[in-house]
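Analysis of the macromolecular model
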Amino acid sequence: MHACYAKFAFPSSSMNEAQPHFDFDLAIIGGGSAGYAAARTASAAGVNTVVIEGGEDVGGLCILRGCMPSKALLYAAEVMHLAGQTEVWGIHKRELGFNFSEIMARKNALIKEFADFREQQLTTGKFAFLRAHARFTDAHTLEILPHHGHSSRRKEAATSTPNASGHKSTAHLPTRLTAKNFLIATGSIIAPSPLPQLNEIDCLNSDTALRLTHLPGSLIILGGGAVAVEFAQFFARFGVKVTLIQRSPNVLHEFDPDAAAELEKVFRREGMVVYTGTKLLDARRSAGQKEIVFEHEQRTIRVHADEVFFALGRIPNAARLGLEDIGVQLEYHRIATNAHMQTTLRHIYAAGDCAGLHEIVHIAVQQAEIAAHNIAHPHQMKAMDNRLLTEVIFTDPQIATVGLTEKRAHVRNIPYLVASYPFGDHGKSLIMEARDGFVKLLADPMTGEIIGGCCVGPVGGELIHEIIAAMYSRMTVHQLAAMPHYHPTLAEIWTYPAEELAAKISK
Ligand SMILES: Cc1cc2nc3c(=O)[nH]c(=O)nc-3n(C[C@H](O)[C@H](O)[C@H](O)COP(=O)(O)OP(=O)(O)OC[C@H]3O[C@@H](n4cnc5c(N)ncnc54)[C@H](O)[C@@H]3O)c2cc1C
């Protein structure tokens with residue numbers, strides 16, 4: 001067991017001098033996106049910090065099994081798709097093929113690079129870093145549990161990482177440690193199955209799908225969230241016969257139905273079978289395949305495939321931390337926090353997926369930075385502001401939203417004016433043959449302030465950043481319409497709904 005443990009090696013901060021009986025000012029459980037962001041922020045503010053990371057590999061979900069590997073694969077699928085469409089531009093290819101092992105190898109090489117870099121960031125010596133599991137034994141004490149499952153590659157890397165502060169890493173791991181403050185950043189786990197029979201048929205999930213050595217011939221995807229639609233398109237574009245089964249009336253049920261419908265249209269056009277508004281009834285093995293039985297439009301339907309992909313969500317990883325025993329409250333699995341990211345025990349903070357409500361990296365980072373700031377500056381606390389909530393689905397077309405969607409505006413009874421414009425009628429997207437999708441703006445009917453944006457289309461995840469910037473500085477549709485946009489660009493499409501709304505709202 002390797003531990004990079006530098007408890008007494010760091011200069012004592014003023015906070016520590018005030019509380020000499022604690023080993024650390026701040027102990028962070030989990031070294032993923034949230035844990036690292038908090039450690040970086042807190043240590044820069046002079047907080048004596050330790051990070052405890054118990055995963056098999058160092059890197060966290062985003063790097064190892066989330067955003068980065070899935071986007072690497074999706075991008076390969078997009079290149080494959082484009083390569084199959086070249087005739088439109090008068091470019092004729094002889095033969096188009098792919099090698100799945102090479103696609104996965106490229107993804108693996110990228111992930112190793114990202115993970116190695118994260119490990120370097122965690123072991124610079126600016127804060128202590130332990131490779132172990134942690135759980136609370138009381139409100140200021142963690143039990144440190146050796147973890148024996150670290151992969152050999154990462155174990156070797158961690159042991160050999162020099163400590164920039166010159167302090168020696170030791171193989172000694174404490175059995176307990178105390179801290180004045182804590183940040184729980186333990187992420188999420190794949191949700192338990194709602195149908196016990198699914199456990200019997202050995203489903204793929206987002207972890208195991210990333211380790212496949214060959215493609216299945218056919219695949220049933222259960223679910224219609226971000227993970228479901230992104231993997232569905234990846235597999236379908238590499239020739240797998242995909243059937244997607246979603247409970248809600250649309251895929252991506254948290255987005256506006258017009259956005260979801262556009263994606264469903266593209267999926268079906270490319271040959272995917274999409275069932276929405278379903279109820280799962282049964283799962284079993286049948287004739288060498290896997291069978292899913294479900295209800296759809298008052299009929300019982302049976303679908304067979306080589307594999308079933310379980311994409312019915314994740315839940316916060318908050319069990320087995322001893323939280324109930326010390327009085328930290330959970331709400332539907334998630335660790336309940338206030339806007340300062342404090343749990344019901346105010347010196348214990350939580351950030352990222354374990355605190356819900358959004359499984360999004362930049363939100364995990366933002367929450368963690370706020371928690372670290374509040375620990376370092378308890379008299380100048382900052383609060384989370386979800387006004388600029390941004391979500392991106394990296395399918396083709398991409399779906400990106402910021403601020404209010406029409407759905408959210410209805411639920412919260414917020415008045416708005418809306419205008420949209422299709423990519424099918426826009427110069428640059430016609431040049432690119434990227435005709436699917438639209439942009440949509442929501443504005444305050446009185447002031448014209450932009451309160452929401454949605455982009456379903458080419459590089460939607462990039463284009464939405466113009467509206468994030470506009471909303472960040474509280475721009476009106478009049479200002480956005482007046483702002484120069486280069487021609488011909490995809491970005492100038494935003495001026496059309498902005499102009500339409502500006503004409504309706506007097507300044
Ligand atoms: C397939 C997939 C694709 C995704 N794509 C995107 C995307 O494109 N964009 C986006 O914004 N988000 C995406 N996400 C979500 C994103 O990955 C997460 O929101 C983010 O990684 C959460 O960061 P975190 O720090 O909260 O948790 P994690 O990164 O999971 O970190 C938690 C860490 O805590 C450690 N840990 C847990 N328990 C203990 C313990 N008791 N003791 C010590 N250590 C412990 C774990 O080993 C882990 O390293 C995706 C997720 C998936 C599954």
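Quick summary incoming for the structure in this document. All residue numbers refer to position in the chain's written sequence, counted from 1. Since the coordinates come from a predicted model, pLDDT governs what is reported: local features require at least 70, and pairs of side-chain atoms require 80 or more to be given and counted, while whole-chain, interface and lining totals use all residues. To obtain the side-chain values, all non-hydrogen atoms of the structure were used and water was disregarded.

1. Section: the packing of aromatic side chains
Each Phe, Tyr or Trp ring (for Trp, its six-membered ring) is paired with any other whose centre lies within 6.5 Å, and the angle between the two planes then decides the class: stacked below 30 degrees, edge-to-face above 60, tilted in between. Throughout the structure, instances matching the rule amount to nine aromatic pairs. In textbook terms, an aromatic cluster arises when at least three aromatic residues are bridged by ring pairs, as seen for Phe98, Phe231, Phe234, Phe235, Phe238 and Phe309.

2. Observations concerning helix α10 (residues 257–269)
In this model α10 runs 18 Å from its N-terminal to its C-terminal C-alpha over 13 residues, within 8% of the 18 Å that 1.5 Å per residue would give. Summarising the contacts, the buried residues of α10 are in contact with α9 (226–237), β9 (241–245), β10 (273–275), β20 (398–403), β22 (438–443) and β23 (450–457). Glycine 271 lies just past α10 and shows a positive phi near 105°. Counting from the N terminus, the helices are DSSP H or I runs at least four residues long and the strands are E runs at least two residues long. Take the residue count of a helix, subtract one, and multiply by 1.5 Å to get its expected span. What makes two residues a contact is simply this: any of their non-hydrogen atoms within 4.5 Å.

3. Brief notes about the nonpolar core
Ile221, Phe235, Leu244 and Phe309 are the most contacted members of the largest nonpolar core, which has 40 residues in total. Every element with two or more residues in this core is listed here: α4 (67–83), α5 (100–122), β8 (218–222), α9, β9, α10 and β23. When residues in this core are grouped by element, the largest group, six residues, is from α9. If near-sequence neighbours (up to four positions away) are discounted, leucine 244 is found in contact with Ile221, Gly223, Gly224, Ala228, Val229, Ala232, Val251, Phe267, Met272, Val273, Val274 and Tyr275. Each nonpolar core is a collection of buried residues, namely Ala, Val, Leu, Ile, Met, Phe, Trp, Tyr and Cys, held together in the definition by side-chain atoms within 4.5 Å. Exposure classes here rest on a 1.4 Å probe applied to the protein chains alone. A residue is buried below 20% of its type maximum, exposed above 50%, and partly exposed in between. In this structure, Ala34, Val58, Phe127 and Leu183 belong to the second largest nonpolar core, which totals 30 residues.

4. Focus: helix α12 (residues 361–376)
Helix length check: α12 (16 residues) gives 22 Å between terminal C-alpha atoms against 22 Å at 1.5 Å per residue, within 8%. Residues Ile363, Ala364, Gln367, Ala368, Ile370, Ala371, Ala372, His373, Asn374, Ile375 and Ala376 constitute the buried set of α12.

5. Comments concerning the site of the ligand
What surrounds the ligand is a group of 36 residues, the closest being Ala34, Glu53, Leu61, Asp353 and Val361. Residues adjacent in sequence count toward polar contacts only when both atoms are side-chain atoms; beyond that, a polar contact is any pair of N or O atoms within 3.5 Å, and within protein one must be able to donate a hydrogen and the other to accept it. Here a nitrogen atom of the ligand sits 3.0 Å away from a polar atom, N or O, in the main chain of glycine 54. Separating an oxygen atom of the ligand from a backbone N or O atom of alanine 185 is a distance of 3.5 Å. Protein coverage of the free-state accessible area of the ligand, which is 1,000 Å², stands at 89%. Going through the elements one at a time, α2 (33–44), β2 (49–53), α3 (60–64), α4, β4 (133–138) and α9 are the ones with two or more residues in the shell around the ligand. Split by residue class, the shell around the ligand holds 15 nonpolar, 15 polar and six charged. Whether a residue is near a molecule or strand depends on its heavy atoms: it is near if one of them lies within 4 Å of it. What sets the accessible areas is the Shrake-Rupley method with a 1.4 Å probe; for residues, cover comes only from the shown protein chains. Think of it as three bins: nonpolar holds Ala, Val, Leu, Ile, Met, Phe, Trp, Tyr, Cys and Pro, charged holds Asp, Glu, Lys and Arg, and polar takes everything else, Gly as well.

6. With respect to the sheet that holds strand β13 (residues 299–305)
Should DSSP find at least two bridges between two strands, the strands are taken to pair. Across the sheet, three strands lie side by side as β11-β12-β13; this open sheet has antiparallel pairing. Each edge of the sheet is formed by a strand with only one pairing partner; in this case those strands are β11 (278–286) and β13. On average, each strand axis in the sheet is inclined to that of its neighbour by 20°, with strand direction left out of account. The sheet contact formed by strand β12 (residues 289–296) and β13 spans seven bridges and is antiparallel. Note that in β13 the partner of glutamate 291 across the bridge is histidine 304. Note on definitions: angles span 0 to 180 degrees between N-to-C directions of axes, and those axes are lines fitted to C-alpha atoms, for helices only across the stretch in contact.

7. Considering the sheet that holds β9
By definition, the strands of a sheet pair up through backbone hydrogen bonds, in either a parallel or an antiparallel sense. In spatial order, the strands read β10-β9-β8-β14; together these four strands make up an open sheet with parallel pairing. Either end of the sheet is taken by a strand with one partner, and the two such strands are β10 and β14 (307–310). Ignoring which end each strand starts from, the neighbouring axes of this sheet average 15° apart. Here five bridges tie β8 to β9, and the two strands are oriented parallel to one another. Along β9, the bridge assignment pairs serine 218 with lysine 241. Across the sheet, α9 touches β8, β9 and β14, and the angle it forms with β9 is around 165°.

8. A word on the packing of α4 against α5
Between α4 and α5, whose axes approach to 9 Å, the crossing angle comes to 145°. Every pair of crossing elements has a handedness; the one defined by α4 and α5 is right-handed. Taking contact as the criterion, the partners of Met68, Pro69, Ala72, Leu73 and Ala76 in α4 are, on α5, Ile103, Met104, Lys107, Leu110, Ile111 and Phe114. For any helix crossing, the convention is left-handed if the near helix is rotated counterclockwise from the far helix by under a right angle, and right-handed if that rotation is clockwise.

9. Observations concerning the environment of glycine 31
When you line up the elements, glycine 31 lands in the loop between β1 (24–29) and α2. On a C-alpha basis, the gap between glycine 31 and glutamine 289 in space is 39 Å, while along the polypeptide they are 258 residues apart. With near-sequence residues (within four places) excluded, glycine 31 lies in contact with Tyr36, Val51, Ile52, Glu53 and Leu122.

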